[in-house]
Amino acid sequence: MLTVYRGTIVHTKSFNEFESLKQGFVAVENGKIIGVGDDYEDWLSTTKIDRTTLSEVLLTEFQFLSPGFCDGHIHAPQYAQIGLGLSVPLLDWLNKYTFPTEAKYVDQEFALGIYKSVVEATLRCGTTLASYFATNNLESTLILAREAARQGQRALIGKVCSNCNSPDFYVETTDESVKGTQSFVKAIRELNNPLVLPTITPRFALSCSKELLRELGNIAKSNDVHVQSHISENLQEIKVVKDIFKTSYAGAYDEAGLLTKKTVMAHGVHLEDDEIALLRERGTSIIHCPASNTNLNSGLCDVQRLINAGISVGLGTDVSGGNSVSILHALNRALDVSKHLDFFNKQDIFGTGPAKTPNRDYQQLSYKQAFYLATLGGAKALSLDHITGNFAVGKEFDALLVDVSILEKPHRTLTVDELVEKFIFTGDDRNITAVFVAGKCVKGSKWETN
Ligand code: GUN
Ligand code: FE
């Protein structure tokens, strides 16, 4: 079955290339994009497709089609405590709230309830691709994988590994961690669902011994799978990592072979220049989690610095360090952080100013660049941009139907760019009236397609 969506289409081609087609079309067959552009009649005649054999969906004046959102870093079990306990720094927050919550996932019934909800909530907010941390518990991590598969979300799933510097009630032996990870990779492959992939997940350098990190690096290499972890989030944490590993934070992962092209590291708020150069050399990406960085008092991450250094950057909600499952929310917080950095660097609104070395050339992130980070940037960071992230022929149709008039009709006609701008700054999940993953409608029954 061939479906053609006609109307306003927006997407990005790179960090600085935002493309909008006012009278555009996207043609989808068997979940894949087979045509895109602004001359539908020409496409029909060159492809010799008989118009009577396809179904057309006509978008209204205030609707547009966007690529699905990518959440490059989210802790599914922490959805159980979202919005709570956000006034303390990282290490206190982990010990006081997060480890006790995650330890509960030995209970599979509890796990199923929360995991079902978090997948529903992220899909509702337009997340068509998510990279999830689960917990140390293998069985319930498989429940999360099955739930993502059942609900039709594209997902990377990781069994979290930690064998030291953790409370007695939430820690594994090295052997449990290694064997659990191996069994997990095998079990996910046996699911045989192209949407769901395994990702090797050392929690962070602090809670893994050198030996465990090395074993996990070997598993990642021998299975050619994704890797995810945290890096350089909080100054206190960085100091302890340096003391233990006698190298930089990035160096600790690199010695274990964990910095690969398929690795994403969350945060990178306080990375030093030589660490950025190392990540760049290894092809490792950073997931920017602005809500979490503010909530946990971690700092302001300068993503422009990372991007200018050649690092791929995506956005993450980092639930529940982040207080929203919505990438649209993360996008807005990223714009806030960028504006605040601009204040520090240029406007001296803080008197003497806290910036160590003010960068007078600092460039604010634009909403179009932030939209890239939320879509193609995330897909690229997760090394899945050959499959998703924008509307290129050959990619899968992971898309959102956005309706800016759903709550209130705008008081004047809007240009295509203004439609997107309005959605970004005033929209929420209610404006996302349909969500598609690989062509299948996973939210909004009206637009069921192939
Ligand atoms: N570092 C180690 N574990 C975590 C976590 O669960 N959330 C965040 N934000 N940082 C971490
Ligand atoms: Fe995190």
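The chain appears in an unreviewed UniProt entry as Guanine deaminase from Drosophila grimshawi. Under Function (unreviewed entry), UniProt gives the following word-for-word description of the chain: "Catalyzes the hydrolytic deamination of guanine, producing xanthine and ammonia." Turning to the chain, the UniProt annotation filed under Catalytic activity (unreviewed entry) states: "guanine + H2O + H(+) = xanthine + NH4(+)".

Turning our attention to the overall build of the chain. Tallying secondary structure elements over the chain gives 14 helices and 17 strands in all. For 450 residues, the compact-globule estimate of 2.2 N^0.38 gives 22 Å, and the C-alpha radius of gyration of the chain, at 22 Å, lies within 12% of that figure. A burial count over the chain gives 59% of its 450 residues as buried. Restricting to contacts in the chain with at least 6 residues of sequence separation, those with at least 24 account for 73%. As presented, the chain carries roughly 17,900 Å² of accessible surface, and 50% of it is formed by carbon and sulfur atoms.

Reported here for the second largest pocket is a volume of approximately 220 Å³. Taken together, 13 residues form the lining of the second largest pocket, with V404, E408, P410, K422 and T426 sitting closest to its centre. Residues belonging to the lining of the second largest pocket are distributed by class as follows: 5 nonpolar, 4 polar and 4 charged.

This model, assessed by the stated rule, comprises 2 cavities of 30 Å³ or more. When its volume is computed, the largest cavity comes out at roughly 90 Å³. Residue lining of the largest cavity: 14 residues in total, with L90, W93, L94, H230 and E233 positioned closest to the centre. Considering each element in turn, the lining of the largest cavity owes the most residues, 3 residues, to helix 2 (residues 90–103). When the residues that make up the lining of the largest cavity are grouped by side-chain class, the tally is 5 nonpolar, 6 polar and 3 charged. Space inside the second largest cavity adds up to approximately 40 Å³. Taken together, H288, C301, V303, Q304, A334, V337, S338, L341, Y362 and L365 make up the lining of the second largest cavity. For the lining of the second largest cavity, the elements supplying multiple residues, two or more each, are helix 11 (303–308) and helix 12 (327–347).

Calculation notes
Residues numbered from 1 in each chain as written. Chains lettered and ligands numbered in written order. Predicted model: local features only at pLDDT ≥ 70, side-chain atom pairs only at ≥ 80, totals over all residues. Heavy atoms only, no water. UniProt positions renumbered as here; feature names shortened; annotations may be inferred. Helix = DSSP H or I, 4+ residues; strand = E, 2+ residues; numbered from the N terminus. Rg over C-alpha atoms; globule rule 2.2 N^0.38 Å. Buried < 20%, exposed > 50% of the residue type's maximum accessible area, 1.4 Å probe, protein only. Contact = heavy atoms within 4.5 Å. Areas by Shrake-Rupley, 256 points an atom, 1.4 Å probe, with all protein chains shown as cover. 1 Å grid on protein atoms, 1.4 Å probe; cavity = no way out; pocket = protein on both sides within 12 Å on 5 of 7 lines; lining within 4 Å. Points joined across faces, edges and corners; volume = space filled by probe spheres on them. Nonpolar A, V, L, I, M, F, W, Y, C, P; charged D, E, K, R; others polar.

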